[in-house]
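# Structural description and commentary
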Amino acid sequence: MTKKQNTLAEIAAAIKSGKNFFVSGHQNPDGDSLGSTLAVSSVLRRLGKHVYSYADNAAGKDLDFLPMLNTVHIGVKPPDDFNIDTVIMLECSDAKRGGDLDKILAGASAVINIDHHLTSETYGHYNYISPTASSTAEIIWSLFEIMQVYVNPDEATCLYTGLITDTSRFLHSNTTAEALRVGSCLLAAGADIKTINKVLYFTKSYTEMKLLGRALEKLQLISRGKIAVIVLTLQDFKLYNAEPSYTQGIVSQPAMIPGVEVSLLIKEETDKISVNLRSQGRVDVSSIAAQFGGGGHARAAGFKMAGAKLDELTKDLITKTEAVINNVD
């Protein structure tokens with residue numbers, strides 16, 4: 001494949017010439033990945049394209065409110081006679097992030113890779129990687145502007161969900177004037193912000209609240225209060241019959257404590273250990289995640305590791321985080 005950066009105009013032209021599309025976000029889809037997938041798929045259908053929307057696994061129940069969710073095939077690949085000519089990968093920093101899609105990618109005449117992660121690889125025939133964009137949803141809106149496509153309220157709701165989940169309601173440092181402009185345009189297009197805000201930010205189950213309490217109880221400050229660490233074990237999840245997905249937002253809680261530079265949430269799951277990292281600004285946590293095979297943004301990153309021992313990984317992660325902090329002091 002030609003590994004280069006393309007313009008959105010070039011990607012728009014590639015989309016125009018395509019007929020049968022496969023559209024996918026990353027595994028364990030979040031608001032940006034799933035929202036962008038739904039919006040792109042819907043617009044393509046309105047343009048008369050044949051579209052197969054895909055997600056390797058289901059998103060958390062907090063995203064069940066998204067319109068058109070029933071159009072996404074969860075873990076079910078398209079039939080052989082679908083004859084895919086164009087693949088659009090959304091927020092997949094490498095080809096494996098969408099799942100086992102090697103056969104689909106190899107069989108397409110055009111693979112379009114759109115992402116906003118600094119660590120993203122240019123694995124597509126067409127690549128648009130914009131680390132300055134707040135979200136993939138922001139990029140998609142810009143693409144639609146070039147294509148002169150006007151989104152409907154359902155599509156606006158999906159893109160707005162991606163925009164605010166990746167900026168944490170325009171609180172993160174990736175909130176730019178362009179992100180706010182796009183948000184304004186999506187509101188004007190009919191995004192259902194009342195439902196989005198209520199479901200995502202003002203609704204938590206009893207189990208989620210109990211797990212949050214457990215996490216805050218286990219919160220530790222180390223390295224002169226610069227690093228906040230929360231470790232949730234399998235036993236913690238079993239205690240409340242909670243799922244790992246119930247930890248949404250927990251990693252950001254220690255940011256309220258003055259002096260905290262980096263927050264670490266380490267989750268022991270049945271088959272792996274998942275880690276979320278957040279920075280208050282000075283520390284690039286994507287560089288820490290990269291040392292463990294992960295990635296993300298300078299202020300928000302993560303990784304997963306199978307076969308690791310919880311205590312050993314926690315100690316190693318803290319050591320590497322301290323080293324990065326010491327380099328910026």
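Only a predicted model underlies this, so the values are computations on that prediction, with no experimental measurement involved.

The rules behind each value
Residues numbered from 1 in each chain as written. Predicted model: local features only at pLDDT ≥ 70, side-chain atom pairs only at ≥ 80, totals over all residues. Heavy atoms only, no water. Pairing = 2+ DSSP bridges. Helix = DSSP H or I, 4+ residues; strand = E, 2+ residues; numbered from the N terminus. Axes fitted to C-alpha atoms, helices over the stretch in contact; angles between N-to-C directions. Contact = heavy atoms within 4.5 Å. Salt bridge = Lys/Arg side-chain N within 4 Å of Asp/Glu carboxyl O. Buried < 20%, exposed > 50% of the residue type's maximum accessible area, 1.4 Å probe, protein only.

### Quick look at the sheet that holds strand β5 (residues 110-115)
Strands sit in the order β3-β2-β1-β4-β5-β6 across an open sheet of six strands; the sheet is parallel. Unpaired on one side and paired on the other, β3 (72-74) and β6 (126-129) mark the two borders of the sheet. Between one strand and the next, the sheet's axes are offset by a mean angle of 20 degrees, whatever the strand orientation. The sheet contact formed by strand β2 (residues 50-55) and β3 spans three bridges and is parallel. Across the sheet, residue Y54 finds its bridge partner in β3, namely H73.

### Re the environment of G190
With respect to the helices and strands, the residue G190 is situated in the loop between α6 (177-188) and α7 (193-201). Linking G190 and R224, residues 34 residues apart in sequence, is a C-alpha distance of 47 Å. Discounting residues that sit within four places of it in the chain, G190 has contacts with P153, A156 and T157.

### Focus on the pattern of salt bridges
All chains considered together, the criterion is met by ten salt bridges. The closest approach of N and O atoms between R181 and E178, which form a salt bridge, is 2.8 Å. With R181 and E178 both in helix α6, this residue pair falls three residues apart, about one helical turn. Accessibility expressed as a relative area gives 28% for E178, which makes it partly exposed. Where K272 meets D271, a salt bridge forms, and the shortest distance between an N and an O atom there is 3.4 Å. Take D271: its relative accessible area is 54%, and that puts it in the exposed class. Overlapping salt bridges, with partners in common, bring together E145, E178 and R181 in one network.

Functional significance is not addressed by these values, which are geometric in nature.
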